[in-house]
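# Observations on the three-dimensional arrangement
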Amino acid sequence: MAASGRVLTANSLLEEMTEMFLPTAYGGMAIANASANALFQRAILENRNDFAIRSIPVAANESRPALVIHLFAAAPRRT
């Protein structure tokens with residue numbers, strides 16, 4: 001993902017999780033679980049400046065087990 005939250009690339013495993021990850025406007029991504037998505041969107045905004053690592057828990061539902069999403073951002077390259 002870019003600092004803006006735009007998805008730059010995704011592997012087939014992520015693309016197959018259509019019940020978990022939802023496309024949003026301008027190439028963004030959301031998590032289908034509302035409470036996990038609130039943490040995810042906040043992490044995207046905060047990672048624009050602090051490059052922190054975040055772990056976001058997602059509760060189980062009738063179609064899948066619980067999982068944890070790990071989000072990290074790399075500092076911009078210096079040239």
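Residues numbered from 1 in each chain as written. Predicted model: local features only at pLDDT ≥ 70, side-chain atom pairs only at ≥ 80, totals over all residues. Heavy atoms only, no water.

### What to know about the nonpolar core
The cut-off we apply is this: Side-chain atoms within 4.5 Å are what join buried Ala, Val, Leu, Ile, Met, Phe, Trp, Tyr and Cys residues into a set we call a nonpolar core. Between buried and exposed lies partly exposed: a residue is buried under 20% and exposed over 50% of the maximum accessible area for its type, with that area taken using a 1.4 Å probe on protein chains only. In what follows, residue pairs with any heavy atoms lying within 4.5 Å of each other are defined as contacts.
Membership of the largest hydrophobic core is limited to 12 residues, which are M20, F21, M29, I31, A36, F40, A43, I44, I56, V58, I69 and L71. For A43, the residues in contact, after removing those within four places along its chain, are R54 and L71.

### Side note on the side chain of R54
What counts is decided by this rule: Each helix is a run of H or I in the DSSP string that is no shorter than four residues. Each strand is a run of E no shorter than two, and both are numbered from the N terminus. Here a polar contact means two N or O atoms within 3.5 Å. Within protein one must be a hydrogen donor candidate and the other an acceptor candidate, and residues neighboring in sequence count only if both atoms are side-chain atoms.
Checked against the element boundaries, R54 lands in strand 3 (residues 54-58). In terms of polar contacts, R54 uses its side chain to reach the side chain of E46, at 2.5 Å. Beyond its immediate stretch of four places on either side in the chain, R54 contacts A43, E46, N47, I69, H70 and L71.

### Section: the side chain of N37
Tracing the backbone shows N37 in helix 2 (residues 34-50). Among all residues touching N37, those that are not within four sequence positions of it are A30 and I31.

### Some words on the environment of A36
Looking at the element boundaries, A36 is found in helix 2. Judged by relative accessible area, which is 0%, A36 ranks as buried. C-alpha of A36 to C-alpha of L14: the two residues are 22 residues apart in sequence and 16 Å apart in space. Leave out the neighbours within four places in its chain, and A36 touches I31, I56, P57 and V58.

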